[in-house]
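Analysis of the macromolecular model
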Amino acid sequence: MGGMKKLINDPADVVSEALQGMAAAHPDRLRVDLENRIVYRKDAPRPGKVGLISGGGSGHEPMHGGFVGLGMLDAACAGEVFTSPVPDQMMAATKAVDAGAGVLHIVKNYTGDVMNFEMAAELAAADAGTEVLSVVTNDDVAVQDSLYTAGRRGVGVTVLLEKIVGAAAEEGRPLQEVADLAKKVNDNGRSMGMALTSCTVPAAGKPTFELAENEMEVGIGIHGEPGRQRLPLAPARDIAAMLVDPVVSDLPYQQGDSVIAFVNSMGGTPLLELYLMYNEVAQLLDRAGITVARSLVGNYITSLEMAGCSVTLLKADDELVRLWDAPVNTPGLRWGA
C-alpha cells in the first residue's frame, strides 16, 4: 500500500462501491444507475420541470451526487476520481430527466467536463430532440489557466448555483429563464482556496503533490492543481485575508453589497477550524462594509482528504436570497423540507 491509509477495498472499485453505498443510504430520495454511474432524484423526471444535471470526477463529495434531490439536481454523473464522466453517461442522464421542458447542464470549467457535456448535448438533441442549454462555472480567481482548464476553474460557486437554480426549476420556470439565472449566479460569484496538505488518489497510491510540514499552497485547485504561491504556514487571520482580498477585489464586491458567504473544507479540515476561519472571513467582510445575507460552512466541494479551505462570495439580491432559502432536500444539503 506504500503508506496509503483509506477505508477502501480495491482502489479500482472505490467509485462504484461508494455509489452502491449512496443507493443503500438514501433509497427514499435517490435511485442510482450503477452501470452508467448516474445518481437520479427518485421522482425524476418531473412533468413540466426543467431537468438539472451536473457531474464531474469523483472525490469532491458531496458534490455532485449529494446534491441530487428536491430543490437541487435531477441527476449527477460520476467520473472516476478526479476524472470527467464520459459523454455516454451525460447523454443517458440528459434523456432520463427530460420531462418535455428541456435540460440544463451545469458544468465546471475543466476541459474534459466542458467537451464531454457539449458532446452529450449534441447527442441527446440528435437522438431524442432534447433541448439542452448549459452554463459553465468559472469562479476561481486564483489562476487564469491551469492544469485541466483554459480560463478560470469552476469551484465553490457551483454549489451555490445548483441550490439557487434548483429552486427556480422547482418553481416551474422555463429553460431559458433558468439558464439566465445560472449565468447571473456565476457572473456574481468568486472563490479562492488553499491547502495545508495534499491528497492521495486511491488509484495513484501516493500524494498528488508534496507540501512540507511548514508550507501551505494558496490558490489551490480542487484536483490539487498548483495555486498562486507556496508560502510558509501562517495564522488563520492572515490566511483569511489572502483568500478574501483577491476575491473581493476581483468582482469587485463593494461597500453596501450583500453576499452569500461560503467557507468550505477541502475534505480534511475539521469544522472547529472552519468556523474559526469563518469568523475571520466575517470580520474582513464587515470591515469592508459588505453585508452577509446568508452563510454556508462545511464540507461541500472537497478534494478527497486534503486539509485546507476555500472562500466563496456570491453577490446576492432579494431574489437570490429567496431562492437560497427555498426548501431543499438532498443528502448533502437540506432545509425547509
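Model, not experiment: these values are computed from the prediction.

Digging into the overall build of the protein chain
Helix and strand counts for the protein chain stand at eight helices and 14 strands. Taking 2.2 N^0.38 as the reference for a compact globule, 337 residues should give roughly 20 Å; the C-alpha atoms of the protein chain span a radius of gyration of 19 Å, in line with that estimate. With the C-alpha coordinates of the protein chain rotated into their principal frame, the extents come out at 55 × 55 × 35 Å. Scored against the burial criterion, the 337 residues of the protein chain give a buried share of 56%. If you take every contact in the protein chain between residues at least 6 apart in sequence, the share linking residues at least 24 apart comes to 74%. Carbon together with sulfur atoms contributes 52% to the accessible area of the protein chain, which is approximately 13400 Å² in total. Of note, the protein chain has its 27 positive side-chain charges centred 4 Å away from the centre of its 43 negative side-chain charges.

A short note on the pairing of strand S11 (residues 291-298)
Relative to S11, strand S10 (residues 258-265) runs parallel, the two sharing seven bridges. Residue pairing for S11: Ser258 is matched across the bridge by Thr291. Handedness of the crossover is the feature at issue here: the chain leaves S10, passes through helix H7 (residues 271-287), returns alongside S11, and the resulting connection is right-handed.

With respect to the pattern of salt bridges
What the rule picks out here adds up to 23 salt bridges. Here Lys49 makes a salt bridge to Asp74, at a shortest N to O gap of 2.8 Å. Of this pair, Lys49 sits in the loop between strand S2 (38-41) and strand S3 (51-58) while Asp74 is found in the loop between S3 and strand S4 (75-81), placing the two residues 25 residues apart along the sequence.

Section: the UniProt feature "domain: DhaK" (unreviewed entry) in the protein chain
As recorded in UniProt, the sites labelled "domain: DhaK" (unreviewed entry) are residues 10-335. For residues 10-335, helix accounts for 33% and strand for 24%, while the C-alpha atoms at its two ends are 36 Å apart.

Conventions used here
Residues numbered from 1 in each chain as written. Predicted model: local features only at pLDDT ≥ 70, side-chain atom pairs only at ≥ 80, totals over all residues. Heavy atoms only, no water. Helix = DSSP H or I, 4+ residues; strand = E, 2+ residues; numbered from the N terminus. Rg over C-alpha atoms; globule rule 2.2 N^0.38 Å. Buried < 20%, exposed > 50% of the residue type's maximum accessible area, 1.4 Å probe, protein only. Contact = heavy atoms within 4.5 Å. Areas by Shrake-Rupley, 256 points an atom, 1.4 Å probe, with all protein chains shown as cover. Lys, Arg positive; Asp, Glu negative; His and termini not counted. Charge placed at Lys NZ, Arg CZ, Asp CG, Glu CD. Pairing = 2+ DSSP bridges. Right-handed = clockwise from strand over helix to strand, strands pointing away. Salt bridge = Lys/Arg side-chain N within 4 Å of Asp/Glu carboxyl O. UniProt positions renumbered as here; feature names shortened; annotations may be inferred.

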